[in-house]
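Listed here are the chains, written in short residue letters.
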Amino acid sequence: RVSCKIPRFSSALYNVSRHRGDLENIEELGDEEAHGLFTLPVRDMAPEIDSHALAPCGEALDAGHWRSSAPDLSLDLWPNRPCLVTQAPSPSSSCQAVPVDVGDELRVSSDLFEGRAFVYVDGAGTPAGQPVGESPFAGRRSSFTLRGRFKRRVRFSDLVIGHEFNDGVIDPPGWQRSLILGFLRRFFPHLKVTLGARTSALAPVLLECKRLRVSRPGDEGRELERLDVPEDTGLLGGFFAERPRSPRERARYFRRRENTENHHFEPDLEYTFEFYQNNLSFVDYKLRFGMFSLGIGRITKGRPVQFLIKDVCESEYLCYFEFWSERLLCFLPPK
């Protein structure tokens, strides 16, 4: 087994302002309303890059540096070049590269949760047997579906999704800050941003997942659905047992803190979560708003965006993925 080093970090996508007040009084919008909001052109800031090293799919990657190239760990061995998705139990653990274009389900196993996930990244390939240009994920930059069971009770208010930034970021110019803050207000209205040497941007899973299905173990088929999970929350009881509720109604209900504190993820039920976004490309690391785009690789200092879910009360991770891009590597600082 050959291993190499990855800096254990984060994305700086959300650490764009030193003023906490900028994230207050967020407007609440539905998914269908959050499109075509910005019209500020920017130039491409990313230069061409040379070959860099990373372990092939399935190889362990221990914490450390990226800049040393190795003949048997070239970019040619990335399973989904120019993108690479890695999975680890936590930020401090060794990770491994995982494929995202063959339709395989990924096992997600931790002390908190046992289940399966499916990851789609636009530009990193197409689902198995699906011709290029006919992907059912058209319009999505990335998609993540997770199904499984919790190993203990977890309060709804304690389970969050987002990013944790451990190495600091570059504070962008004012107009870029305003642009990204506008993006946050539209797409992540419930983010809790903590600034400082260790920065995080986290939001309740129940508010950020696009669709949620709660079922009894065995109710669902063996295959994990890739997209368009039917919203089904009747087993949550109370308000949700009265009649079928839409994702918008679920989000409105759980915006009240007392409601998230009075519900728990239960070990005897199975949960299916569907997440997706259509603005950040993991091929070139640009935020896109209609015809215009903003590169964030320099802001993040070459560090990747994460997909993490954790119990903030116990500081315990359900899952931890990082989304690398060939484009990012030119922004990594020298050793």
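From a predicted model like this one, the values you see are computed outputs, not experimental measurements. As a convention, each chain's residues are numbered from 1 in the sequence order in which they are written. Predicted model: local features are reported for residues with pLDDT of at least 70 only, side-chain atom pairs are reported and counted for 80 or more only, and whole-chain, interface and lining totals are derived from all residues. Values reported for side chains reflect all heavy atoms of the structure, with hydrogen atoms and water molecules removed beforehand.

Trainee: Explain the overall build of the protein to me, please; I cannot follow it from the model alone.
Mentor: Secondary structure elements follow DSSP: runs of H or I of four or more residues count as helices, runs of E of two or more count as strands, with numbering from the N terminus. In terms of helices and strands, the protein carries five helices and 19 strands. When each of the 335 residues of the protein is scored for burial, the buried share is 53%. Considering only residue pairs separated by 6 or more positions, the protein has 74% of its internal contacts joining residues 24 or more positions apart. Carbon and sulfur atoms form 47% of the exposed surface of the protein, whose accessible area is close to 15,000 Å². Here the term buried applies to any residue with accessible area under 20% of the maximum for its type, exposed to any over 50%, and partly exposed to those in between, with areas from a 1.4 Å probe on protein chains only. For this analysis, residues touch if any pair of their heavy atoms sits within 4.5 Å. The method behind every accessible area is Shrake-Rupley, applied with a 1.4 Å probe, and residues are considered shielded solely by the protein chains displayed.

Trainee: Just checking my understanding: could you explain the pairing of strand β9 (residues 159–165) for this structure?
Mentor: On any regular strand, side chains alternate: one points to one face of the sheet, the next to the other face. Most of β9 is tucked away, with seven of its seven residues classed as buried. Note that β9 and strand β18 (residues 305–311) share four bridges and pair antiparallel. Bridge pairing links Val160 to Lys310 in β18. Strands are labelled as partners when DSSP assigns at least two bridges between them. The pairing of β9 with strand β11 (residues 199–204) spans six bridges and is antiparallel. Bridging across to β11, His163 finds its partner in Ala201.

Trainee: Please clarify how the environment of Phe150 should be interpreted in this entry.
Mentor: With respect to the element layout, Phe150 can be found in strand β7 (residues 142–150). We classify Phe150 as buried; its relative accessible area is 3%. On a C-alpha basis, the gap between Phe150 and Phe265 in space is 6.9 Å, while along the polypeptide they are 115 residues apart. Not counting chain neighbours up to four residues away, the residues in contact with Phe150 comprise Leu112, Phe113, Leu159, Phe265, Pro267, Tyr271, Phe273 and Leu318.

Trainee: Would you explain the sheet that holds strand β16 (residues 286–289) in this entry?
Mentor: Where strands meet in a sheet, backbone hydrogen bonds hold them as pairs that are either parallel or antiparallel. Overall, antiparallel pairing links the three strands, which are arranged β15-β16-β17 in an open sheet. The outermost strands of the open sheet, each flanked by one partner alone, are β15 (280–281) and β17 (292–295). Note that β16 and β17 share four bridges and pair antiparallel. Each residue of the ladder has a partner; that of Arg288, found in β17, is Ser293.

Trainee: It is not clear to me how the sheet that holds β7 should be interpreted in this structure. Could you clarify?
Mentor: Here five strands make up an open sheet; going across it, the order is β5-β6-β7-β14-β12 and the pairing antiparallel. Where the open sheet ends on each side, the last strands, each with one partner, are β5 (106–109) and β12 (211–215). Between one strand axis and the next, the sheet turns through 20° on average, direction left out of account. Summarising the sheet, strand β6 (residues 113–121) and β7 pair through nine bridges and their orientation is antiparallel. Within the sheet, the bridge partner assigned to Phe113 lies in β7 and is Phe150. Every axis in this analysis is a line fitted to C-alpha atoms, fitted for helices over the stretch in contact. Angles between the N-to-C directions lie between 0 and 180 degrees.

Trainee: What's the story with helix α4 (residues 247–254) in this structure? I'm lost.
Mentor: An α-helical segment advances 3.6 residues per turn. Residues three or four places apart therefore align on the same side. Every buried residue belonging to α4 is among Glu249, Arg250, Ala251, Tyr253 and Phe254, and all of these are buried. Contacts made by the buried residues of α4 are with α2 (205–208), β12, α3 (239–242) and α5 (257–261).

Trainee: Is there a simple way to explain the side chain of Ser325 in this structure?
Mentor: Turning to its location among the elements, Ser325 is positioned in strand β19 (residues 316–325). Note on Ser325: relative accessible area 0%, which makes it buried. At 3.4 Å, the side chain of Ser325 and the backbone oxygen of Phe282 are in polar contact. Filtering out sequence-adjacent residues up to four positions away, Ser325 remains in contact with Trp78, Pro82, Cys83, Phe282, Val283, Asp284 and Tyr285. Any pair of nitrogen or oxygen atoms within 3.5 Å is treated as a polar contact; in protein, a donor-acceptor pairing is required on top of that, and neighbouring residues in sequence qualify only through side-chain atoms on both sides.

Trainee: For this particular structure, what's the right way to read the pairing of β16?
Mentor: Inspection of the sheet shows β15 paired to β16 by two bridges, in the antiparallel sense. Its bridge partner lying in β16, Ser281 is registered against Lys286. What sits between β15 and β16 in their antiparallel hairpin is a turn of four residues, with Tyr285 showing a positive phi close to 55°. A loop of two residues connects β16 with β17, the two strands running antiparallel in sequence, and Gly290 in this loop sits at a positive phi of about 65°.

Trainee: Honestly, the nonpolar core in this entry has me stumped. Any pointers?
Mentor: The nonpolar side chains of a soluble globular protein tend to be buried, and buried together. Throughout, nonpolar core names a set of buried Ala, Val, Leu, Ile, Met, Phe, Trp, Tyr and Cys residues whose side chains join them through atoms within 4.5 Å. In terms of nonpolar packing, the biggest core is built from 58 residues, with Phe150, Phe273, Ile309, Leu318 and Phe321 touching the most fellow members. Here the element with the most residues in this core is β19; it accounts for five residues. Among all residues touching Phe321, those that are not within four sequence positions of it are Val85, Thr86, Gln87, Leu106, Val108, Val119, Phe144, Val305, Gln306 and Phe307. Membership of the second largest hydrophobic core comes to seven residues, among which are Ala88, Cys95, Leu202 and Leu308.

Trainee: Explain the packing of aromatic side chains here, please?
Mentor: Each aromatic ring pair is specified by the distance between its two centres and by the angle formed by the two planes. Think of it this way: a Phe, Tyr or Trp ring, Trp meaning its six-membered ring, pairs with another when their centres are within 6.5 Å, and the plane angle makes it stacked under 30 degrees, edge-to-face over 60, tilted otherwise. Applying the stated criterion across every chain yields a total of 22 aromatic pairs. Relative to Phe321, the ring of Phe144 has its centre 5.3 Å away and its plane inclined at 70°; by these criteria the two rings are edge-to-face. Here Phe144, found in strand β7, pairs with Phe321, found in strand β19; they are 177 residues apart in sequence, far enough to count as distant. In this structure, Phe144 and Phe321 share a single accessibility class: buried. A cation sits over an aromatic face here: Arg140 above Tyr276, 3.8 Å from the ring centre. Placement of a positive charge over a ring is assigned whenever Lys NZ or Arg CZ falls within 6 Å of the ring centre and within 35 degrees of the normal to the ring plane. Sitting over the face of the ring of Phe239, Arg245 holds its NZ or CZ atom 3.6 Å from the ring centroid.

Purely spatial values, then, with no claim about function.
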